[in-house]
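Fold and geometry: a report
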There are 6 protein chains.
Amino acid sequence: MDPVIPPIDGQVSPRYAGFTTFARLPRITDVPRHDVAVVGVPFDSGVTFRPGARFGPSAIREASRLLRPYNPALDVMPFHECQVVDAGDINCNPFNITTALQEIEAGVSELIVDGKPVVLLGGDHTIALASLRAINKVHGPVALVHFDAHLDTWGPYFNTPVTHGTPFRVAIEEGLLLKEHSVHVGIRGSLYAASDLTDDEELGFTIVHAREFHTTPFLDIIERINRRVGDAPLYISIDIDVLDPAHAPGTGTPEAGGLTSRELLELLRALSTRKLVGADVVEVAPAYDHASITAVAAAHCAYDLVSIMSRQRTQ
Amino acid sequence: MDPVIPPIDGQVSPRYAGFTTFARLPRITDVPRHDVAVVGVPFDSGVTFRPGARFGPSAIREASRLLRPYNPALDVMPFHECQVVDAGDINCNPFNITTALQEIEAGVSELIVDGKPVVLLGGDHTIALASLRAINKVHGPVALVHFDAHLDTWGPYFNTPVTHGTPFRVAIEEGLLLKEHSVHVGIRGSLYAASDLTDDEELGFTIVHAREFHTTPFLDIIERINRRVGDAPLYISIDIDVLDPAHAPGTGTPEAGGLTSRELLELLRALSTRKLVGADVVEVAPAYDHASITAVAAAHCAYDLVSIMSRQRTQ
Amino acid sequence: MDPVIPPIDGQVSPRYAGFTTFARLPRITDVPRHDVAVVGVPFDSGVTFRPGARFGPSAIREASRLLRPYNPALDVMPFHECQVVDAGDINCNPFNITTALQEIEAGVSELIVDGKPVVLLGGDHTIALASLRAINKVHGPVALVHFDAHLDTWGPYFNTPVTHGTPFRVAIEEGLLLKEHSVHVGIRGSLYAASDLTDDEELGFTIVHAREFHTTPFLDIIERINRRVGDAPLYISIDIDVLDPAHAPGTGTPEAGGLTSRELLELLRALSTRKLVGADVVEVAPAYDHASITAVAAAHCAYDLVSIMSRQRTQ
Amino acid sequence: MDPVIPPIDGQVSPRYAGFTTFARLPRITDVPRHDVAVVGVPFDSGVTFRPGARFGPSAIREASRLLRPYNPALDVMPFHECQVVDAGDINCNPFNITTALQEIEAGVSELIVDGKPVVLLGGDHTIALASLRAINKVHGPVALVHFDAHLDTWGPYFNTPVTHGTPFRVAIEEGLLLKEHSVHVGIRGSLYAASDLTDDEELGFTIVHAREFHTTPFLDIIERINRRVGDAPLYISIDIDVLDPAHAPGTGTPEAGGLTSRELLELLRALSTRKLVGADVVEVAPAYDHASITAVAAAHCAYDLVSIMSRQRTQ
Amino acid sequence: MDPVIPPIDGQVSPRYAGFTTFARLPRITDVPRHDVAVVGVPFDSGVTFRPGARFGPSAIREASRLLRPYNPALDVMPFHECQVVDAGDINCNPFNITTALQEIEAGVSELIVDGKPVVLLGGDHTIALASLRAINKVHGPVALVHFDAHLDTWGPYFNTPVTHGTPFRVAIEEGLLLKEHSVHVGIRGSLYAASDLTDDEELGFTIVHAREFHTTPFLDIIERINRRVGDAPLYISIDIDVLDPAHAPGTGTPEAGGLTSRELLELLRALSTRKLVGADVVEVAPAYDHASITAVAAAHCAYDLVSIMSRQRTQ
Amino acid sequence: MDPVIPPIDGQVSPRYAGFTTFARLPRITDVPRHDVAVVGVPFDSGVTFRPGARFGPSAIREASRLLRPYNPALDVMPFHECQVVDAGDINCNPFNITTALQEIEAGVSELIVDGKPVVLLGGDHTIALASLRAINKVHGPVALVHFDAHLDTWGPYFNTPVTHGTPFRVAIEEGLLLKEHSVHVGIRGSLYAASDLTDDEELGFTIVHAREFHTTPFLDIIERINRRVGDAPLYISIDIDVLDPAHAPGTGTPEAGGLTSRELLELLRALSTRKLVGADVVEVAPAYDHASITAVAAAHCAYDLVSIMSRQRTQ
């Protein structure tokens, strides 16, 4: 088997130098095979407020230059244990959501043959639906842990059935998710009606509201999420707006009262013993970011996701 | 009775489109009557450091475009239960604090006939005094819950008796506040002398310091504030600098070590059973904001305040 | 006839105060009739690079607060000679370009009955096509003076026939423009092929390249444009990226080497004796702007356009 | 006579190091006497739109760190030929314009004993009136070259006779200016009425409009200004908004179509043979600046002014 | 003994006015002697990612204008109990780390004669080594409480033995630190290898990881740090990147998941009974800051450090 | 001969998508050979004021995404006529200028075998010396057209002989430049002494000052530069601070009164008939940039340089 090609060595090339790939990993075309792929999906034509997440993959890659090989929180060398690659960006049509979804699904499908895990860098949340469709063809229905300020189980908007507000409603309707094992985490902010909550419940979801972090011990929340997921194959979807605007100004629909980046990273790490088959980090809109703090948070999330995947891949 | 005119429907007009009013509500001149009013007070001539809060009302309105009709934290449809309106901005003299205070008092008085509640969008904290004077004529002395990094009970500055550092000292002196029921929350940062604290105590206030949030359980703080307020008519005054600069960079006198937006919103919601007669959200200085995160936090505060008022108005 | 309702008086309400409309003009619903309308078109789903022009109308309105009643460069009181109004924003579908074009055309058509002139605030350049379709139904084919870094006569992009790179190709194909009277001004930057230029010429356009401003006397350029337009009814379309990025950072496809705002305003004023029937100012993307300088430039362009229209309307 | 103490040597202390004074000059208290003084006037309570110029002196000082000892455009070592000092900031009341004007007048008067020239760093344009009052007591009426987008000869605003829109009207009324020798340069933008221009003319001013730079040769403009000034003692007042917003985003009332920094500096240098007795550079509002470009432009203007003064002082 | 010269009175000179020194304190040259010194070290040539901390001292000074004389959290008037001064910036060679370290050591040594405490404002973390060398000559080996996202005990980088990633490794090797009494606080983010942790442990350090703040009660962490320090003379080194990027965007190597400014300030205050002999606050890179929030946090840290020192100095 | 591999097609992959290389060109390792190379040199340890140009190559590459295949100003398809590649970044030691210069010289030498032309993307201006040393080994002494605000012929700074202020003095001393054919263009701002100018003249340079653009016809300046260069092999060095800060805020030592981007591009194009053997574009410091306007200007300069080289390579 081919030896793993790790990221470029920071002692040879300063971390601010060289072509930009996620964590300075090799491109997918630079290696004979891969075990875990990170792929960009620069699509934001499904947004309903501030656009700009099409520049998300590029910004997250730049912000990932500081990632080093050893992840102490998970005690793993993710890029050395198996071959992690940057698969580049999936080309998707900016003017046609349906076409774009097909392109994304095809692009993801190519990367996950043999059940290889993947992390998508969005792009807006619309792309999660395409990702779940691809995942479903390999793994069948999956558990979902969805970090977000918003439910994203709303209905059509301006006569358009799939937007960044709808992916998980459609995913449920298409049978892509395991209802008893799926959960939203970090929900807050205003809704259209009380029925938004009951509709969501009827779809099969449960919710950990952001405000519960004030009243429920952190470890209890972690246990609750883990119990919900159980042994099902798991997909993690992170809308970066799950973070408070202080931690993630660079996003499209900010809501006050969110999580800290420390909370989010701990929640991810707590899922490290679940069977993680795929993930996405979406809604990073760099034009609204400052000093790349949103992109840095997203890069760290992706790093922890890859770390979990890498460890599982080699166990 | 006239049917309530709600905000513009986000399914008809995208949330980024249309004239800007708070939460896309009707202007006061567009409806025959109102139950709750939101009003801008673009006055910042009372500041002692960074000016710019005169642009606060405009920025908060822009940031309020994302507010939707249902408030799940308080389980209320604030804009449907009664008629909420945007009353526009009170025109106030930028060069004469005394004149401006009279204009603001007159403007608020018009809106609160029959005890209708009002939320002021500042503007600097000087405006709270004018607001309390108007409130006093309708409700008599009120309890005050004052969220701020600073006490705002200082004395004259540069021979000027009323500035943004003095409103609550003058309010006490004028008998506008119920001493036994008033409290500062979030206080921190350096003072002029130890006597600032004893003077404040002599005026009748009690203080919840920001640093207490590390050592006192959150629910205990909530209970303490609620007990302090009791059944008195309540005025809530929110200086946005009660938030940490991370959450509210766009303000005039930032102090490290503040509250998170999640803490502030929970504290507001915890007051939902008090008898809320008026409120203000002040000191948003957009020139120092980034990606509107300060204005978003302020808009969310105003939304929760209106939600409480709307529910009380219809009970 | 009803007296004209002018903008709010800056001596009564400070220019930073009050609801935001273009130049603090009355809303169209606040007056019985109008002579000249300014209307926002918050649509940016036709862009190929940086999105965000959907927030253009809002930003231009905020930047227009400083506009005063008298235009010395054109010696006219544009808001007093006839009734100018802010017609608000046209609601257009963010997910379907075809639908949006129909909505925009319908919205513009309503405003230009009886040949009343209109100024559109974009939004991306796609909207110019809808505007020209509406104009055509009233005025027939028109002369076009098109200020832009780009030709915007390209072909389909990602199988989409109408985007912000194509409006004037389609307009020619639909017979909306008078070929012998149309001109691009400010063109610069890289192209796809030399044929871009010859194709454009075959469509009937002529070009004033940005670099010609170094070698051709300014008055000669003005005369050349005026001669080209002649006595035909004129539509002026201003892509704000005609300005150098120094003058207009807040736009989607910046190209170095552009015009100064002083040059652009002088070119507009030089067209004051043409028969101006409609105009647009597009591609202001506020997320990339700084201190609103792009929006200020756009507001000043719109002000000069309205000034010309107002004077012609009353002559 | 005491030897001149020059700025701190950039070969000993890097230009980014050390306490901040204008051009790293000695403080006035560090030297036994001075020949030319630079003094800050952090006052912005006279503004009618964006405040913030109170932070102007501090920002200009920071931006002046790069100024080196030799001015090649004027062929002078301004800080070596005579003793130039930074006189610090004049403390002025932020809440009372009348008091502040007295404090500024007193502060300037102290510095200009024996006809020593002074450069004020504003602050808003209100301060020019106080400066001219002090100058008048030493030099009698002076010629004024006033660089600005605005005339600043407006009348009272919100019942306040002296604001940043009025200094030169009041100065004429008080006999501080030589009518036949005063000129506004760079005027543009909208006005309240055509009478603004005729009123200004009646006060005795003449105008070089910004748009004339397109049609009048640069050297002709220079000659016209110089001829206007003649041999009268000269005061130069520079509102930084005379620059285009591209060159000076950090200001309170930006107007498109302005001068470039290259034009402004050349115009200043062209006045080097006039008898310069005082000057100010005002309206730098750092909160709206980017990368300090506005403050850098202001610092360069002040540097050229000091250079002219220094050379004249030693001739 | 000379009376203490306190900071400039904010009632005489507005806090935004006057020359910039830390907390508006006198310069060291303006007083006959000092008890506690604050000194800038504008050196950033030891950084491995984003440079710019050379502008840190200047930015922290500007941000310290709001500091008032009384510190309620520590119940002390730090600037009145003994003579605190701003000692200016140490001139250090930007091109030679070895030379710069000598210059810094010499500069610090001058200030700490007789065991006077000092607070350094960085500059990058390289400077801590020079500071510890100077401290060692007066106090011998000291306990270290090191707040940072990074261990800074790495080895040579690009053949350079001392950079901002190495100061505490070298300090241990040189015997400057008391191994049993030193601790890193706030550590997080990726490492080069698991051996980074074991190497660090072998050097004698212990670690409080940032993630422990989720699972360990705050008071337990405080007790643990205090117990570790014991009665040893203490040096506190604060890399501002110990804060989450939300609280400190203006730094060179941001890592998600950090401390809040409230946590950091409380940790500092909890050390007030230790014997504090010196401290630094480093890695503030203003070019990446927004609204000075990073500099404000750093200024507040320095203020609490000075407060502790001042109280100890007078006991 | 291998067919040329052009940039990625914007019709297949949107311009904001895909890995970042200059103009979306192939990496040098992706093609069998190259004719013209663009290479990054992320080195900024030679700066004397604001650092950060180490991030210049990355920023310029991102800003080059909009470059299209046809250059109308020069009528050439630069990427199709011969093989242009992005050679990545040269790894250079951030702590040792001498080592870095050797690494850069070696890196450039590899790319210019057989006289192939190269464009360096800096990095600070120090790198020009290394580039000229490499060029010299292939071409012997060359003519230099040096666009800059500063002469860069200063002497040692802080005992360091080679910094970003010295490259052309050392180049002359090493015989790398043809004295009679070299010229500085755009010089302005303050100097250390009048001797800076005479020293520069003695070194053999001539100067086109920025202020001459006001008084000398543009075509005369062009002719003067062309005549100076003559038929000598030409190296063009562009310090982006030759542009006015309005056009290039993102740089380390900004000076007011600079060139516009339109002027600079025209000057470059006017050199298209000279024999261009190498070039650099330096001093882009992205942390100070806004909306990437500085990086866009730099990318356009590099594009015109490559265009000239590509055309010459195939003639």
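On a predicted model such as this, the values are computed, not experimentally measured, just so you know.

**Here's the deal with the overall build of chain A**
Counting secondary structure elements, chain A contains 9 helices and 8 strands. For 315 residues, the compact-globule formula gives about 20 Å, and the C-alpha radius of gyration of chain A, at 18 Å, lands near that figure. Expressed as lengths along the three principal axes of its C-alpha atoms, the size of chain A is roughly 55 × 45 × 40 Å. Sorting the 315 residues of chain A into buried and exposed places 69% on the buried side. Within chain A, contacts between residues at least 6 apart in sequence are counted, and of these 78% link residues at least 24 apart.

**Side note on the relation of the copies chain E and chain A**
After a rotation of 120° and a shift along the axis of 0.0 Å, chain E superposes on chain A with an RMSD of 0.0 Å. Here the transformation between the copies is reduced to the relation of a three-fold axis. Closest to the rotation axis within chain E is the C-alpha of E:Ala246, separated from it by 3.1 Å. Interface overlap between copies: only 8% of the residues of chain E at the interface are likewise at the interface in chain A, consistent with a contact formed by different surfaces.

**Some details on the interface of chain E and chain A**
Each side of the interface is counted separately: chain E has 25 residues, and chain A has 28 residues. Looking at the side of chain E that touches chain A residue by residue, the classes come out as 14 nonpolar, 8 polar and 3 charged.

**Topic: the interface of chain D and chain F**
Contact with chain D, which involves 28 residues of that partner, is made by 25 residues of chain F. Of all the secondary structure elements, the ones that give two or more residues to the side of chain D that touches chain F are helix 8 (261–269) and helix 9 (293–314) of chain D. Considering each element in turn, the side of chain D that touches chain F owes the most residues, 5 residues, to helix 9 of chain D. Per-class residue counts for the side of chain D that touches chain F are 16 nonpolar, 7 polar and 5 charged.

**Quick word on the relation of the copies chain D and chain F**
When chain D is fitted onto chain F, the two copies agree to an RMSD of 0.0 Å after a turn of 120° and an axial shift of 0.0 Å. Here only 7% of the interface residues in chain D have copies in chain F that are interface residues too; the copies meet through unlike faces.

**A closer look at the sheet that holds strand 5 (residues 183–187) of chain D**
Residues and elements named next belong to chain D. Strand order across the open sheet formed by 8 strands is 2-1-3-8-7-4-5-6, with parallel pairing between neighbours. The open sheet terminates on both sides in strands that have one partner only, identified here as strand 2 (84–89) and strand 6 (206–209). Within the sheet, the average angular offset between the axes of one strand and its neighbour, ignoring direction, is 15°. Here 5 bridges tie strand 4 (residues 143–147) to strand 7 (residues 233–239), and the two strands are oriented parallel to one another. Within strand 7, the position partnered with alanine 143 by the bridge is leucine 234.

**Some remarks on unusual backbone geometry**
A cis amide bond links A:Gly122 with the next residue in sequence, A:Gly123, at an omega value of 15°. Relative to the helices and strands, A:Gly123 resides in the loop between strand 3 (118–122) and helix 4 (127–139). Phi is positive for A:Arg24, which is not a glycine, with a value near 65°. Tracing the backbone shows A:Arg24 in the segment before strand 1 (36–41). Non-glycine residue F:Ala291 carries a positive phi angle of around 55°. Looking at the element boundaries, F:Ala291 is found in the loop between strand 8 (275–282) and helix 9 (293–313).

**A look at the arrangement of the chains**
With respect to C-alpha atoms, chain A approaches chain D no nearer than 14 Å, and the pair has no contact. No interface is formed between chain B and chain F, the nearest pair of C-alpha atoms being 14 Å apart.

**Points about the confidence of the model for chain A**
Low-confidence regions, as indicated by low pLDDT, have predicted coordinates that should not be scrutinised in detail. Counting all residues, the mean pLDDT for chain A is 97, and 100% of those residues have values of 70 or more. Among the prediction metrics, the complex's ipTM stands at 0.97, with pTM recorded as 0.98.

**Concerning the nonpolar core**
In this structure, A:Ala302, B:Ala302, C:Ala302, D:Ala302, E:Ala302 and F:Ala302 are the most contacted members of the largest nonpolar core, which totals 667 residues. Discounting chain neighbours no more than four positions away, the residues touching A:Ala302 are A:Val38, A:Ile60, A:Val119, A:Leu121 and A:Val281.

**Let's talk about the sheet that holds strand 4 (residues 143–147) of chain F**
Residues and elements named next belong to chain F. Read across the open sheet, the 8 strands follow the order 2-1-3-8-7-4-5-6; overall the sheet is parallel. Bordering the open sheet on either side are strand 2 (84–89) and strand 6 (206–209), each of which pairs with just one other strand. For this sheet, the mean angle separating the axes of adjacent strands, direction not counted, is 15°. Examined bridge by bridge, strand 4 and strand 5 (residues 183–187) share 3 bridges and lie parallel to one another. Opposite valine 145, over in strand 5, you have valine 183 as the bridge partner. Along the sheet face, helix 4 (residues 127–139) touches strand 1 (36–41), strand 3 (118–122), strand 7 (233–239) and strand 8 and points at about 165° away from the line of strand 8.

**Examining the pairing of strand 8 (residues 275–282) of chain C**
Residue and element names in this part refer to chain C. With 7 of 8 residues buried, strand 8 is to be regarded as a mostly interior element. Note that strand 3 (residues 118–122) and strand 8 share 4 bridges and pair parallel. Counterpart to leucine 120 in the pairing with strand 8 is aspartate 280. Sheet topology note: the strand 7 (residues 233–239)/strand 8 ladder contains 7 bridges and is parallel. In the strand pairing of strand 8, proline 233 is matched with lysine 275. Handedness of the crossover is the feature at issue here: the chain leaves strand 7, passes through helix 8 (residues 261–269), returns alongside strand 8, and the resulting connection is right-handed.

**What to know about helix 1 (residues 56–63) of chain F**
Here helix 1 of chain F lies mainly inside the structure; 8 of its 8 residues are buried. Among the residues of helix 1 of chain F, those classed as buried are F:Gly56, F:Pro57, F:Ser58, F:Ala59, F:Ile60, F:Arg61, F:Glu62 and F:Ala63. The inward-facing, buried residues of helix 1 of chain F contact helix 1 (56–63) of chain A together with strand 1, strand 2, strand 3 and helix 9 of chain F.

What counts, and where the lines are drawn
Residues numbered from 1 in each chain as written. Chains lettered and ligands numbered in written order. Predicted model: local features only at pLDDT ≥ 70, side-chain atom pairs only at ≥ 80, totals over all residues. Helix = DSSP H or I, 4+ residues; strand = E, 2+ residues; numbered from the N terminus. Rg over C-alpha atoms; globule rule 2.2 N^0.38 Å. Buried ≥ 20, exposed ≤ 12 C-beta atoms within 10 Å, placed from the backbone. Contact = placed C-beta atoms within 7 Å. Least-squares fit on C-alpha atoms with pLDDT ≥ 70 in both. Nonpolar A, V, L, I, M, F, W, Y, C, P; charged D, E, K, R; others polar. Pairing = 2+ DSSP bridges. Axes fitted to C-alpha atoms, helices over the stretch in contact; angles between N-to-C directions. pLDDT = per-residue confidence, 0-100. Core = buried A, V, L, I, M, F, W, Y, C linked by C-beta atoms within 7 Å. Right-handed = clockwise from strand over helix to strand, strands pointing away.

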